[in-house]
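Structural overview for review
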Amino acid sequence: MQLKNKKFITINLGCRANAYETNCISSDFIACGAIKVNSIKDADICLINTCSVTNKADSKSKYSINRVLRENKNILLVVMGCFSQTNPDYFKDFKNTIVIGNKYKNKVVDLIKEYKKKSIIKVENFSNITKFEKFNNISFIDNTRAFLKIQDGCNYMCSYCIIPFSRGRQRSLDHKIVLNEIKELSKTHREIVLTGINTAGYLDDSKVDFFNLLKKINEIKGDFRIRISSIEPFQINHQIINLISNNSRFCQHIHLCLQSGSNQVLHSMNRRYTTDEFYSLVKYIRSKNKNMSITTDYIVGFNNETDKYFDESLKFLNKVRFANMHIFPYSPRKYTAANMIGNPVNESAKTNRFKIVNEINNKYTNKHLKQFINKTVNVLFEKPKQKNVQTGHSEYFFKVNVNTCKPLHNQILKIKITQVINNNVFGIIK
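Everything in this summary refers to the structure shown in the same document. (Residues numbered from 1 in each chain as written. Predicted model: local features only at pLDDT ≥ 70, side-chain atom pairs only at ≥ 80, totals over all residues. Heavy atoms only, no water.)

Quick notes on the sheet that holds strand S10 (residues 191-195)
With parallel pairing, the three strands of this open sheet are ordered in space as S7-S10-S11. Two strands lie at the open edges of the sheet, namely strand S7 (145-149) and strand S11 (225-228), each paired on one side alone. Put simply, the sheet's adjacent strands are angled 30° from each other on average, direction ignored. Across the sheet, helix H6 (residues 175-185) touches S7, S10 and S11, and the angle it forms with S7 is around 170°. (Pairing = 2+ DSSP bridges. Helix = DSSP H or I, 4+ residues; strand = E, 2+ residues; numbered from the N terminus. Axes fitted to C-alpha atoms, helices over the stretch in contact; angles between N-to-C directions. Contact = heavy atoms within 4.5 Å.)

Things to note about empty space enclosed by the protein
Taken as a whole and assessed by the stated rule, the structure comprises one cavity of 30 Å³ or more. Considering only enclosed or pocket space, the largest cavity measures out at about 80 Å³ in volume. Taken together, Glu21, Asn102, Lys105, Asn106, Phe132, Glu133, Phe135, Lys149, Asp152 and Arg171 make up the lining of the largest cavity. Counted by class, the lining of the largest cavity contains two nonpolar, two polar and six charged residues. (1 Å grid on protein atoms, 1.4 Å probe; cavity = no way out; pocket = protein on both sides within 12 Å on 5 of 7 lines; lining within 4 Å. Points joined across faces, edges and corners; volume = space filled by probe spheres on them. Nonpolar A, V, L, I, M, F, W, Y, C, P; charged D, E, K, R; others polar.)

Here we look at the environment of cysteine 82
When you line up the elements, cysteine 82 lands in helix H3 (residues 82-86). Between the alpha carbons of cysteine 82 and glycine 14 there is a distance of 9.3 Å; along the sequence they are 68 residues apart. When neighbours within four sequence positions are excluded, cysteine 82 is seen to be in contact with Thr50, Cys51, Ser52, Asn102, Ile163, Ser166 and Arg167.

A short note on the pattern of salt bridges
All told, the structure shown has 21 salt bridges when counted by the stated rule. For aspartate 205, the salt bridge identified is with lysine 131, shortest N-O distance 3.2 Å. One end of the pair, aspartate 205, is in the loop between S10 and helix H7 (210-218); the other, lysine 131, is in the loop between strand S6 (120-122) and S7, and 74 residues separate them in sequence. Of the residues examined, aspartate 205 reaches a relative accessible area of 63% and is grouped as exposed. Here glutamate 191 and arginine 145 are joined by a salt bridge, their closest N and O atoms 2.9 Å apart. Pair noted here: glutamate 191 is in strand S10 and arginine 145 is in strand S7, with a separation of 46 residues, a long-range link. The buried category is assigned to glutamate 191, whose relative accessible area is 0%. (Salt bridge = Lys/Arg side-chain N within 4 Å of Asp/Glu carboxyl O. Buried < 20%, exposed > 50% of the residue type's maximum accessible area, 1.4 Å probe, protein only.)

Below you can see the structure in the form of structure tokens.
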């Protein structure tokens, strides 16, 4: 099939790395003369980048696949990502389908050209993949902020996580390419998000690590800022914190993955730190910038999370006071070591624990936001969704609303925060 004049739609599920990949493939399609549309019924091709981090993610992936086929039986469906990587047999009876996993994402155009009304299933094992798969076209014309995937895969076998099985071993984009891509993206975008599966595990073939990459990025001239996606506590150090803190080149937001506030549960999860080590990092970050937004991921109801361990976690959460938490009920994943751990937490208890942690989250999010009242932040404004309200993200990663009809898209402006209502932040242009 030739792509010229073909209409296509994309559905992206899951992480920022997926968002980056989907956008790059869209750029490849457009470069070949394809036309992006917003309706499944109008499309000749649908690209779905799937997720499999939880059972809920699996369900969303299957729902999206089946919805597309219900709405357009003649469409060419291209499925890729973590769900197809770990569940290739799900597609064995599919017709008019190209299925890959996380390999060959940069070869989707070639696979479509090879397609001749017979399904292609090309899902391969990742164990021997050591090279980073680079995309030819990177364009984020529809986005206020650009994503740049600098790293893929993970070597750390957390007992609950399927990612090492679906994404393979760690590999990184050459630092010279990273720097060149940032220079190009910064011509059109005021914020660039460095993303990966294990972003701070960046280490390219010339042995440039994450800290030294950030140092090189800090030296690039231009009016743009860098946001860093999630970081593992055992991979961030004082050098990185010192470089980022109060540096306008970097957003003042660190997503530091906790997962549990109980040392026993952390040990069962095969996490590489204790709560004392984690809290020591938090204290150091706040000693450098007391307003730094520290957010996290947190799993409730992990196997063998007793009432005692859960209470320990609650005490730790009250001690740390995160700016925001992404809270997930534990979801068993095939292949993972956590399936060997006994004493599963029942669904009712998981639901109750989720509610308790969410209440704590809302309380400290509110306190974090209210500390900015009467202070000035730098807001990058996005495309308006309402006629008389302009919305954007501050360098601290919370959304700010400004009541104005004046177009502010893609501008970074100083905004004085005036009020916080139900964790919604409002401000005025200074």
